[in-house]
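Per-entry structural report
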Amino acid sequence: MSDPAKTRRHAERVRELVASLVREIKDPRLGMVTITDARITGDLREATVYYTVLGDPTEQAATQAALESAKGMLRSRVGHALGLRHSPSLTFVLDNVLDHAKEIDDLLAEARLRDEEVQRLAAGKQYAGDPDPYKAEDEDDAELDDSGERVGAREDLG
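These lines cover the structure that appears in this document, whether it is placed above or below.

Calculation notes
- Each chain has its residues counted from 1, following the order in which its sequence is written.
- This being a predicted model, a pLDDT of at least 70 is required before a residue's local features are given, and a value of 80 or more before pairs of side-chain atoms are given or counted; all residues contribute to the totals for chains, interfaces and linings.
- Computation of side-chain values: all heavy atoms of the structure, hydrogens and water removed.
- We count a stretch as a helix when DSSP gives it H or I for four or more residues in a row; a strand needs E for two or more, and each element gets its number in order from the N terminus.
- Accessible area is worked out with a 1.4 Å probe on protein chains only. A residue is then buried under 20% of its type maximum, exposed over 50%, and partly exposed in between.
- Contact criterion: two residues are considered in contact whenever any of their non-hydrogen atoms come within 4.5 Å of each other.
- Two strands form a pair only when DSSP identifies at least two bridges running between them.
- Whenever a helix is involved, its axis is fitted only over the stretch in contact; in every case the axis is a line through C-alpha atoms, and angles between N-to-C directions fall within 0 to 180 degrees.
- The salt bridge criterion pairs a side-chain nitrogen of Lys or Arg with a carboxyl oxygen of Asp or Glu, the two atoms within 4 Å.
- Two rings belonging to Phe, Tyr or Trp (six-membered ring only in the last case) form a pair when the distance between their centres is within 6.5 Å. Interplanar angles under 30 degrees mark stacking, angles over 60 mark edge-to-face geometry, and anything in between is tilted.

1. Considering the overall build of the chain
Along its length, the chain carries four helices and three strands. Shown N-terminal to C-terminal, the secondary structure of the chain runs as helices and strands in the order α-β-β-α-α-β-α. The buried share of the chain, reckoned over its 158 residues, is 22%. Sequence separation of 24 or more characterises 57% of the internal contacts of the chain that already satisfy a separation of 6 or more.

2. A word on the sheet that holds strand S2 (residues 46-53)
Pairing is mixed in the open sheet, where three strands are placed in the order S1-S2-S3. Where the open sheet ends on each side, the last strands, each with one partner, are strand S1 (33-40) and strand S3 (89-94). Along the sheet, successive strands turn relative to each other by an average axial angle of 25°, direction set aside. Pairing geometry for S2 and S3, over six bridges, is parallel. Across the sheet, alanine 47 pairs through a bridge with leucine 90, a residue of S3. This element, helix H2 (residues 57-69), spans S1, S2 and S3 of the sheet and lies at about 150° to S2.

3. Comments concerning the pattern of salt bridges
If you walk through the whole model with that rule in mind, you get nine salt bridges. One salt bridge connects glutamate 12 with arginine 15, and the closest N-O pair in it is separated by 2.5 Å. Taken together, the positions of glutamate 12 and arginine 15, both in helix H1 (residues 4-22) and three residues apart, correspond to about one turn of that helix. Given a relative accessible area of 36%, glutamate 12 falls into the partly exposed group. Using a relative accessible area of 23% as the deciding quantity, one classes arginine 15 as partly exposed. Notably, a salt bridge pairs arginine 120 with glutamate 117, separated by 2.6 Å at the nearest N-O pair.

4. Some details on the packing of aromatic side chains
Applying the stated criterion to the full structure yields one aromatic pair. For the pair tyrosine 51 and phenylalanine 92, a centre-to-centre distance of 6.4 Å together with 75° between the ring planes defines the contact as edge-to-face. Linking tyrosine 51 in strand S2 with phenylalanine 92 in strand S3, this pair joins segments that are 41 residues apart in sequence. For tyrosine 51, a relative accessible area of 1% puts it in the buried group. Phenylalanine 92 gets classed as buried once you look at its relative accessible area, which sits at 5%.

This is the structure we're talking about:
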């Protein structure tokens, strides 16, 4: 097993290399692709490369096919650049960043609407009890018994 810091450095290097090598691919099916991340196993044998593509699902599928056909060239160039004995096998995964961002924006908008509804319902309402149910009695207001002790006062246990 490899050092985690070394693994992270190799993963970052794989991401940079694949991003630069993708520009050299002459496949017309390749769309506007951005390499977003790369992860590599501890034994440096398998790398997963995450990418995004601008366009509709047909363009995304075409880009996936172009990357799969260029996988051998990318694998050999990445392995050579990293100086590893065995070139890591590459797996390409479509990273739907835009879909996740839209989903998060929708959830935040829904939360804002619910907060506004709660604020609207709470406007002009009052609490059901005293404004401060834990308000302490002043010494002047305390009731005293015949011996001068406070009524209901707690005994000091110390």
